Amino acid sequence: MVKKLFSFQVLLLLFVSGCNFGVANNNEYKVLYTNEPSQQDDEKQQPSDYTVAIIPKVINIPYFNAVEEGAMEAGKDLGVKVIYKGPTIADSEHQIKIIDELIQNEEVDVIAVSANDPEKLVPVLKKAQNHQIKVITWDADTMPEARDFFINMVNPETLGRHLMDTLAWNVDEQGEFAIMTGANSASNLNEWLKWIKQHQKEYYPNMKLVEIAATDDDPNKAYLIAKQLIKDYPNLKGIIGNSSVGPPAAAQAVKETGKAGSIAVVGLSPPNPMNEYLKDGSAQIITLWSPKKLGYLTVALSMNIVTGSYPYDNQEIPGVGKIRRIDDVVIMGEPIDFTKENVDQYDF
C-alpha cells in the first residue's frame, strides 16, 4: 500500500498543481457551482462582435447542462455571444451536421467541440479552419491537426489511476469488476480506460476486469447495462463508471437488486445526481471536476484566441484560476472526490 500511495503522490507532483487532491476537508471546502450570480457581475465587459459556438457530445444530461451554465455565464461576463448546441445522442455524425451548419451560416468566430470521435470530425473542423474559424477542443479531443489546442479537465493518467484506486479501496483490493464507459470512440474515455487497466495490472493483481460496456452516454441504456452486468456476473464486486451517466445508473441498479454494500460503485459524475446514492450506500466515492468551470474556461480561452492571445502555463484566468499548459494541451486543474460526508458541500 505504501508503494501505491507513493506512486499516486508522485503523479500529482508531476502533472498537477494548485490545490489538494482527494476528499475535501470537512472544515475547508469550496463550493464550485452555485445558482448565485457571478462574482464578476459588476465587471461585465461591453458586448463584442465575437461569437463562440460550444458543442458538447450530447445535450440534456447533468454534466453538459452544467457546462452550458458556465459557458453562458462567461458569455455575459466577457461580452461575447455564446451558441451552445449539441446532438440529442452522442453521435459524431450529428456533431458534423451542426458544425457544417455553423460554417454555412458564417456567424461564428470560434468553434469549441467535445468530440464524439477524434478522427471523423477532422474534415469538417479543417473546413471550419479554412473558413477562418478558430477551432479548439474541450473535454474530449480530436486529432491535433484539426484544432489549435485541447482543454483537458485533468491529467488523464492521474485520473485513470485514481479511479482504479477508489474502487480498490472499497473492495479490499480483490474480486471481479466491470467498467461502464460512454461512447467507444471518445478519446478522453479511452485514455482514462488505458490508465485504469494499467494501474490494475501494476498494483491490484487480485482484481479482475470482466467487462467494459459502452453506454453511449444514454442514461436509460446505462441503467439496462448495469442491471445486465449484475445479472451476468454474480461475483461482481464493483463497477467503475468513467462517463457521467454510468455511476447514477449503476447505483440505481445496485440499489434495486439489494446489492448495496456488496457491489461498490465509483466513477465520474456530478455530485447532485449521486447525493442520495452516496448517503444510502449504493455508491461509495464519486470523482469529478467542476463542469461549470470547464464551460467558463472554454469560453474565456475562445475569446482570447479570437483576439490573438493563446493560453500559457500558469496563466491566471479570472473566474477559473491558474491553468497549466503542456505542449498544445491546457489542463484546468484537479478532480475532487465526493463521499457521503462531503457531498452536501457541493451543488452541481
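Counting restarts for each chain, with residues numbered from 1 along the sequence as it is written. At least 70 in pLDDT is required for a residue's local features to be given in this predicted model, at least 80 for side-chain atom pairs to be given and counted, and no such filter applies to totals for whole chains, interfaces and linings, which use all residues. Where side-chain values are given, they derive from all heavy atoms of the structure, hydrogens and water being excluded.

**Thoughts on the overall build of the protein**
- Secondary structure follows DSSP: runs of H or I at least 4 residues long count as helices, runs of E at least 2 residues long count as strands, and numbering of each begins at the N terminus. Within the protein one finds 10 helices and 16 strands.
- Expressed as a percentage of the 348 residues in the protein, the buried residues total 56%.
- Whether two residues are in contact is decided by their heavy atoms: any pair within 4.5 Å suffices. For the protein, contacts bridging at least 24 residues in sequence account for 75% of all contacts bridging at least 6.
- A total of about 15100 Å² of accessible surface is found on the protein, and carbon and sulfur atoms cover 47% of it. Residue burial is assigned from relative accessible area. The probe radius is 1.4 Å, only protein chains are included, and a residue is buried under 20% of its type maximum, exposed over 50%, and partly exposed in between. Surface accessibility in these figures is a Shrake-Rupley result with a 1.4 Å probe; residues are shielded only by whichever protein chains are displayed.

**Overview of the sheet that holds strand S6 (residues 150-152)**
- Any two strands with at least two DSSP-identified bridges between them are counted as paired. Pairing is mixed across the open sheet formed by seven strands, whose spatial order is S3-S2-S4-S5-S6-S15-S14. Each edge of the open sheet carries a strand with a single partner, namely strand S3 (81-84) and strand S14 (324-326). Between one strand axis and the next, the sheet turns by 20° as a mean value, whatever way the strands run.
- In terms of strand pairing, strand S2 (residues 51-55) meets S3 through four bridges, oriented parallel. Bridged to Thr51 within S3 is Lys81.
- In the packing of helix H2 (residues 62-78) onto the sheet, the strands contacted are S2, S3 and strand S5 (134-138), and the crossing angle to S3 comes to about 165°.
- Against the sheet, helix H10 (residues 291-306) touches S2, S3, strand S4 (110-113), S5, S6 and strand S15 (329-331), its axis set at about 160° to S5. For helices, the fitted axis covers only the stretch in contact; all axes are lines through C-alpha atoms, and the angles between them, taken along N-to-C directions, range from 0 to 180 degrees.

**Here we look at the packing of helix H3 (residues 92-105) against helix H4 (residues 122-130)**
- One can describe the packing of H3 onto H4 by two numbers: an axis separation of 10 Å at closest approach and a directional angle of 10°. In this view, H3 runs roughly parallel relative to H4, as classed from their interaxial angle. Where H3 crosses over H4, the handedness of that crossing is left-handed. Packed against H3, whose contacting residues are Ile96, Ile99, Asp100 and Ile103, the element H4 presents Val124, Leu125, Lys127 and Ala128 at the interface.
- When residue character is reported, Ala, Val, Leu, Ile, Met, Phe, Trp, Tyr, Cys and Pro are called nonpolar, Asp, Glu, Lys and Arg charged, and the others, Gly included, polar. Class assignment of the residues belonging to the contact of H3 with H4 gives a composition of six nonpolar, no polar and two charged. Orientation is classified from the angle alone, with under 35 degrees giving roughly parallel, over 145 giving roughly antiparallel, 65 to 115 giving roughly perpendicular, and any other angle giving oblique. By definition, turning the near helix anticlockwise from the far helix through less than a right angle yields a left-handed crossing, and turning it clockwise yields a right-handed one.

**Looking at the environment of Asn65**
- Positionally, Asn65 belongs in helix H2.
- For the pair Asn65 and Lys292, spaced 227 residues apart in sequence, the C-alpha separation works out to 8.4 Å.

**Examining H2**
- Here, expected helix span is obtained from the residue count minus one, scaled by 1.5 Å. The end-to-end C-alpha distance of H2, which contains 17 residues, comes to 24 Å, matching closely the 24 Å that a straight helix rising 1.5 Å per residue would cover.
- Within H2, the full set of buried residues consists of Tyr63, Phe64, Ala66, Val67, Gly70, Ala71, Glu73, Ala74, Gly75, Asp77 and Leu78.
- Looking at the buried residues of H2, the elements they touch are S2, S3, S5, strand S11 (285-288) and H10.
- Positioned one or two residues after H2, Gly79 has a phi angle of 70°, which is positive.

**Details of the packing of aromatic side chains**
- Pairs were defined over the aromatic rings of Phe, Tyr and Trp, the Trp ring being its six-membered one, requiring ring centres within 6.5 Å. Orientation was assigned from the angle between planes: stacked under 30 degrees, edge-to-face over 60, tilted for the rest. Per the counting criterion, the structure on display carries seven aromatic pairs.
- Aromatic pair Phe64 and Trp138: ring centres 6.0 Å apart, planes at 75°, arrangement edge-to-face. Linking Phe64 in helix H2 with Trp138 in strand S5, this pair joins segments that are 74 residues apart in sequence.
- Under the relative-accessibility criterion, Phe64 is labelled buried at 3%.
- Assessed through its relative accessible area of 0%, Trp138 is described here as buried.
- An aromatic cluster of at least three residues, connected via ring pairs, comprises Tyr63, Phe64, Trp138, Trp192 and Trp289.

**A word on the confidence of the model for the protein**
- On average, residues of the protein score 89 in pLDDT, and 86% of them are at 70 or above.
- The pLDDT value expresses, per residue, how confident the predictor is, ranging between 0 and 100. Long-range and interchain partners of residues 1-44, a stretch whose pLDDT sits below 50, account for 73 contacts in this model, where long-range means more than four residues apart.

**Some thoughts on the nonpolar core**
- Only buried residues count toward a nonpolar core. Its members are Ala, Val, Leu, Ile, Met, Phe, Trp, Tyr and Cys residues joined through side-chain atoms within 4.5 Å. Judged by nonpolar contacts, the single largest core of 86 residues is most densely connected at Ile54, Ile151, Leu167, Met180, Ile240 and Trp289.
- Residues Ile83, Ile103, Ala115 and Ile133 belong to the second largest nonpolar core, which totals 20 residues.

**Examining unusual backbone geometry**
- We note that Asn60 has phi near 65°; this positive angle belongs to a residue other than glycine.
- By secondary structure assignment, the location of Asn60 is in the loop between S2 and H2.
- When its relative accessible area of 61% is taken as the criterion, Asn60 is described as exposed.
- Phi at Asp216 is positive, roughly 55°, even though this residue is not glycine.

**Quick word on the pattern of salt bridges**
- A pairing counts as a salt bridge when a side-chain nitrogen of Lys or Arg comes within 4 Å of a carboxyl oxygen of Asp or Glu. On inspection of all chains with the given rule, the structure shows 16 salt bridges.
- Glu73 is the salt-bridge partner of Lys292, the closest N and O atoms lying 2.8 Å from each other. Here the residue Lys292 occupies a position in helix H10, and Glu73 occupies one in helix H2, the gap between them amounting to 219 residues.
- Salt bridges sharing common partners tie together Asp141, Arg147 and Asp328.

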